[in-house]
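Architecture at a glance
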Amino acid sequence: MSMTPNIDLSVAIGGLTLRNPVMPASGTFAEGLEKVMDFNRLGAFVTKTITRELRAGNPLPRVVERPGGLINAIGIPSKGVPYFIEKIMPHYAAYDTPLVVSISAPTAEGFASLAAELSIPGVAAIEANISCPNIEEDGKAFAMRAESTEKVTRLLRAATELPLWLKLTPNTGDVPEVARAAEAAGADAVVVANTILSMAIDLKSFKPCLGNIMGGLSGPAIKPIVLRQVFQCAKAVKIPVIGCGGISTAEDAIEYMLAGASAVQVGTATFLQPAAMTTIIDGLRSFCLHREIPRVTDLIRGVVIEEADEPDLAWLDPVS
Amino acid sequence: MSIQLDQSQAAAPSGAPIGGSAPWKASIVAELAEVVRNQAVNAEYRHLVVNCSEEAAAAQPGQFFQLLCPQPAGEQPFLRRPMSLYGADPDKRQVEFLYKVTGAGTRGLDTLRPGDQLDIMGPLGVGFTLDPEWRHIVAVGRGAGLATLAPLARAAKANGTQVIAVFSARRPDLLVSVELFHRHGADVIAVTDSEATSGPANVERILRRLVADGRCDAFFTCGSSRLMRVQQRLAREFGLPGQVAMEQQMACGIGLCYCCVRDFNVNGEIVNRRVCWDGPVFDLMEALP
Ligand SMILES: Cc1cc2nc3c(=O)[nH]c(=O)nc-3n(C[C@H](O)[C@H](O)[C@H](O)COP(=O)(O)OP(=O)(O)OC[C@H]3O[C@@H](n4cnc5c(N)ncnc54)[C@H](O)[C@@H]3O)c2cc1C
Ligand SMILES: Cc1cc2nc3c(=O)[nH]c(=O)nc-3n(C[C@H](O)[C@H](O)[C@H](O)COP(=O)(O)O)c2cc1C
Ligand code: FES
């Protein structure tokens, strides 16, 4: 057998080195996947978003499928912080894979105190899910505006020394501007993005399909949209951008890295193929082998754009 | 360009085991199974048999699989569909399903022909448990619930436990698996809507007689919350144990997404559980309709 050249799959994300760029998306991962894949193969673990208070989650039905995607309104059922520390964290302690804890709170102060409380041994980074309603901003998500993103990031930065990732929402006009605000206030990375706000109606009953009326679209259907946002954000900031949206194959992950993503998160694909993440890792390695790319980081921002081809997106947003 | 990965490469864990422990091995698999048979058993139900791996064929009664259904013409089911194990043969490496065509996913299943491939994921969930002390158990099912109870009959026989099955259907010709239960030495009592025997009052009368005759050490049920309530009442009255297999819409089937939750009454407290991960089989007394 011939010697296989060594492909370096490792990536650095703001102070954290991951063995490869593939990790789960928040809310689509839990201990049960231990029965499907070797957790020591993942780049990182990312938990379901946790909150300080106990939350029941949204009314049923919580998901509805549409061609190429899934609309979910799970809400954020949460058993609170002590439960997380005592019951959930030990599952992950057995593995040599960094644990990224996703957090959410209704106020910027709430985010900061939760991050401080979770800055404990065993937690490798904080991912702030700022795509949920901000009660100080009339229910608009923090990440819908640069100002609220800047504020919550600043407070978070002061509250924790852990690497800090900000998970942005795609449901706003200017995601790169929001990413810049997060960078300016001290974020170590941005995750682009959460689900796309959407809706489905049942023609038998004339009722919305989801108990919560509206939900977030994920899956292959959103990939082209989020890929574009990752491309824009990677040009706007120097901190790493973690791509998340509709990634189900190694090709999808490579496309994201070429667009500027330093790592990727895999969500809905795991529901359809539970071992999607390890299959993607294997696929990344074979791609690099075949194309003689020694380090996976060589793919990042690899998209070839001639000067004259610079896209003009002004028509998308006549105000800007 | 596309990247071809052979199965062995995709499934093989990379790197040496940490700290000299045994290499990691999947106990839940998603794999392409080969269709052996896919036939109508009556006007509503189809029987699907597939060749599968050793892991999948190790499925236990009450467990289920998530099937990635083929797309029927003009429809695009996106999620997998949960189906109870109807039969498993570890020697032949086969699993069986009994399904009713109801929507896009099951219409897709109906297009499968022998030799076709079907992506199955499992075995999933917590199945039934049988106490070796039980001499008689009563299994009450309606509709597709009978499919879920069928493998229990076989396991009970191996356990030396007699099964008395009470089957409910709209019409006698829609009763399924009666033969199969007979083969495993079960007694079958059929009740139907068309003969006006399936009402809860009549089922309760039948069950009371079984309890009185000493032929019910535990209740097992699936497919009807009306019938479940009857059994809960009797179980409480006579201090009998019971188990129920529940259904809920599922996205992941493996405890990740929390879309399949239901409320349960655990010692007077209402708790939320995931049907796919904490069940689908639950303690009869904790289930809420
Ligand atoms: C653990 C479990 C075991 C099951 N075992 C069997 C079985 O052995 N035989 C059988 O015929 N059916 C069984 N069902 C029901 C079966 O999963 C549904 O009938 C099937 O999903 C319908 O899919 P469809 O695309 O044909 O219908 P659609 O109506 O097009 O489905 C649309 C959506 O609703 C969901 N859905 C529809 N009906 C049900 C239902 N009854 N329960 C939960 N979700 C539903 C689907 O999963 C899908 O997400 C089981 C369900 C569960 C949860
Ligand atoms: C069922 C479900 C639950 C989710 N829960 C969360 C969550 O708790 N926190 C969060 O930041 N994102 C959550 N998400 C969003 C995902 O993390 C991800 O951003 C999104 O699904 C897009 O990626 P995908 O197309 O790969 O799924 C959830 C998505 C799904 C489908
Ligand atoms: S279906 Fe996802 S948690 Fe049960």
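That block above? That's the structure.
Residues numbered from 1 in each chain as written. Chains lettered and ligands numbered in written order. Predicted model: local features only at pLDDT ≥ 70, side-chain atom pairs only at ≥ 80, totals over all residues. Heavy atoms only, no water.

**Notes on the overall build of chain B**
When helices and strands are counted, chain B shows 8 helices and 15 strands. Compactness check: chain B gives a C-alpha radius of gyration of 20 Å against a globular reference of 19 Å for 289 residues, within 12% of the reference. In terms of its C-alpha atoms, chain B occupies a principal-axis envelope of roughly 65 × 50 × 35 Å. For chain B, the proportion of its 289 residues judged to be buried stands at 52%. (Helix = DSSP H or I, 4+ residues; strand = E, 2+ residues; numbered from the N terminus. Rg over C-alpha atoms; globule rule 2.2 N^0.38 Å. Buried < 20%, exposed > 50% of the residue type's maximum accessible area, 1.4 Å probe, protein only.)

**Here we look at the site of ligand 1**
Residues and elements named next belong to chain B. If you check the shell around ligand 1, you find 19 residues, and the closest are R81, P82, L98, G105 and T106. In the environment of ligand 1, an oxygen atom lies 2.6 Å from a nitrogen or oxygen atom belonging to the backbone of G105. The separation between a nitrogen atom of ligand 1 and a polar side-chain atom of E247 is 2.9 Å. For ligand 1, whose accessible area on its own is 830 Å², the fraction buried by protein is 80%. Of all the secondary structure elements, the ones that give two or more residues to the shell around ligand 1 are strand 4 (81-84), strand 6 (94-100) and helix 3 (104-109). Counting residues per element, the shell around ligand 1 draws most heavily on strand 4, at 4 residues. Per-class residue counts for the shell around ligand 1 are 9 nonpolar, 7 polar and 3 charged. (Near = heavy atom within 4 Å. Polar contact = N/O pair within 3.5 Å; in protein donor to acceptor, adjacent residues only side chain to side chain. Areas by Shrake-Rupley, 256 points an atom, 1.4 Å probe, with all protein chains shown as cover. Nonpolar A, V, L, I, M, F, W, Y, C, P; charged D, E, K, R; others polar.)

**Re helix 4 (residues 175-184) of chain A**
Residue and element names in this part refer to chain A. Considered for burial, the residues of helix 4 that qualify are V175, P176, V178, A179, A181 and A182. Where helix 4 is buried, its residues meet helix 3 (146-159), strand 9 (164-168), strand 10 (189-192) and helix 5 (223-236). One or two steps after helix 4, the chain reaches G186, where phi turns positive at roughly 110 degrees. (Contact = heavy atoms within 4.5 Å.)

**A look at helix 2 (residues 108-117) of chain A**
Taken together, the buried positions of helix 2 of chain A are occupied by A108, G110, F111, A112, L114 and A115 of chain A. Contact partners of the buried residues in helix 2 of chain A: helix 1 (81-93), strand 7 (99-103), strand 8 (125-129) and helix 3 of chain A.

**Section: the side chain of T149 of chain A**
All names here are of chain A. Considering the arrangement of structural elements, one finds T149 in helix 3. Within the local environment of T149, its side chain forms a polar contact with the backbone oxygen of F142, the two atoms lying 3.1 Å apart. Those residues in contact with T149, other than ones at most four positions away along the chain, are I130, F142, A143, V178, A181 and A182.

**Here's the deal with the interface of chain A and chain B**
Residue-level contacts link 43 residues of chain A with 37 residues of chain B. Across the interface of chain A and chain B, roughly 3,300 Å² is buried in total on both sides, 64% from carbon and sulfur atoms. Here chain A is connected to chain B by 1 salt bridge. Close ionic contact of R81 of chain B with E65 of chain A constitutes a salt bridge, the shortest N to O distance being 2.7 Å. Of all the elements, helix 8 (residues 276-290) of chain A adds the most residues to the side of chain A that touches chain B, at 5 residues. Split into classes, the residues belonging to the side of chain A that touches chain B amount to 20 nonpolar, 12 polar and 11 charged. (Buried area = accessible area lost by both parts, 1.4 Å probe. Salt bridge = Lys/Arg side-chain N within 4 Å of Asp/Glu carboxyl O.)

**A word on the site of ligand 2**
In the vicinity of ligand 2, 23 residues are found, and the nearest of them are S26, T49, K167, G246 and T268 of chain A. Neighbouring residues of ligand 2 are distributed over chains A and B. T49 of chain A has a polar side-chain atom sitting 2.6 Å from a nitrogen atom of ligand 2. Grouping the constituent residues of the shell around ligand 2 by class yields 7 nonpolar, 14 polar and 2 charged.

**Section: the packing of helix 6 (residues 200-212) of chain B against helix 7 (residues 225-238) of chain B**
To characterise two packed helices, one gives the angle between the axes of the helices and the distance between these axes. Residue and element names in this part refer to chain B. Following both chains from N to C, one finds helix 6 and helix 7 inclined at 35 degrees, their axes separated by 10 Å at the closest point. For the pair helix 6 and helix 7, the crossing hand works out as right-handed. Here P200, V203, E204, L207, R208 and V211 of helix 6 lie close against helix 7, whose contacting residues are R226, L227, V230, Q231, R233, L234, E237 and F238. The class makeup of the residues in the contact of helix 6 with helix 7 is 8 nonpolar, 1 polar and 5 charged. (Axes fitted to C-alpha atoms, helices over the stretch in contact; angles between N-to-C directions. Left-handed = near helix turned anticlockwise from the far one by under 90°.)

**Thoughts on the sheet that holds strand 10 (residues 187-192) of chain B**
Residue and element names in this part refer to chain B. Across the sheet, 6 strands lie side by side as 10-9-8-11-12-15; this open sheet has mixed pairing. The two strands at the open ends of the sheet, each matched to only one other strand, are strand 10 and strand 15 (281-283). For this sheet the average axis-to-axis angle between neighbouring strands, irrespective of direction, equals 20 degrees. Note: strand 8 (residues 136-142) against strand 11 (residues 219-222), 4 bridges, orientation parallel. (Pairing = 2+ DSSP bridges.)

**Points about the pattern of salt bridges**
Residues and elements named next belong to chain B. For the structure shown, the criterion picks out 26 salt bridges over all chains. Close ionic contact of D278 with R274 constitutes a salt bridge, the shortest N to O distance being 3.9 Å. Residue classification places R274 among the buried residues on the basis of a relative accessible area of 15%. Salt bridges linked by common partners bring E204, R208, R233 and E237 together as one network.

**Side note on the sheet that holds strand 16 (residues 261-266) of chain A**
Residues and elements named next belong to chain A. Pairing is parallel in the open sheet, where 8 strands are placed in the order 3-16-15-10-9-8-7-4. The two strands at the open ends of the sheet, each matched to only one other strand, are strand 3 (22-24) and strand 4 (45-46). Where strand 4 meets strand 7, 2 bridges bridge the pair, whose relative direction is parallel. In the sheet register, F45 faces strand 7, and the bridge partner there is L99. Where helix 4 meets the sheet, it contacts strand 9 and strand 10, and its direction lies at approximately 160 degrees from that of strand 9.

**A look at the pairing of strand 12 (residues 242-245) of chain B**
Residue and element names in this part refer to chain B. Going residue by residue along strand 12, you find G242 and V244 tucked away on one face and Q243 and A245 tucked away on the opposite face as well. In this structure, strand 11 lies alongside strand 12, joined through 4 bridges in parallel fashion. Counterpart to F219 in the pairing with strand 12 is G242. With helix 7 bridging strand 11 and its parallel neighbour strand 12, the resulting β-α-β unit is right-handed. Pairing geometry for strand 12 and strand 15, over 3 bridges, is antiparallel. In the strand pairing of strand 15, A245 is matched with V281. (Right-handed = clockwise from strand over helix to strand, strands pointing away.)

**Some remarks on a nonpolar patch on the surface**
Residues and elements named next belong to chain A. Together, L197, M199, I201, L203, I213 and M214 make up an exposed nonpolar region whose accessible area comes to about 610 Å². Here L197 is to be found in strand 11 (residues 196-199). Given the relative accessible area of 54%, L197 is considered exposed. (Patch = residues over 30% accessible without salt bridge, like charges linked within 9 Å, V, L, I, M, F, W, Y side chains within 5 Å.)

**Digging into the packing of aromatic side chains**
In the structure shown here, the tally under the stated rule is 14 aromatic pairs over all chains. With centroids separated by 5.3 Å and ring planes inclined at 90 degrees, the aromatic side chains of F111 of chain A and F142 of chain A adopt a geometry described as edge-to-face. One end of the pair, F111 of chain A, is in helix 2; the other, F142 of chain A, is in the loop between strand 8 and helix 3, with 31 residues separating them in the sequence. The class of F111 of chain A is buried, set by a relative accessible area of 0%. Judged by centre distance (6.0 Å) and plane angle (80 degrees), the ring pair of W134 of chain B and F220 of chain B falls under edge-to-face. Of the two residues, W134 of chain B is situated in the loop between strand 7 (117-124) and strand 8 and F220 of chain B in strand 11; the sequence distance between them amounts to 86 residues. In this structure, W134 of chain B and F220 of chain B share a single accessibility class: buried. (Phe/Tyr/Trp six-rings, centres within 6.5 Å; stacked < 30°, edge-to-face > 60°.)

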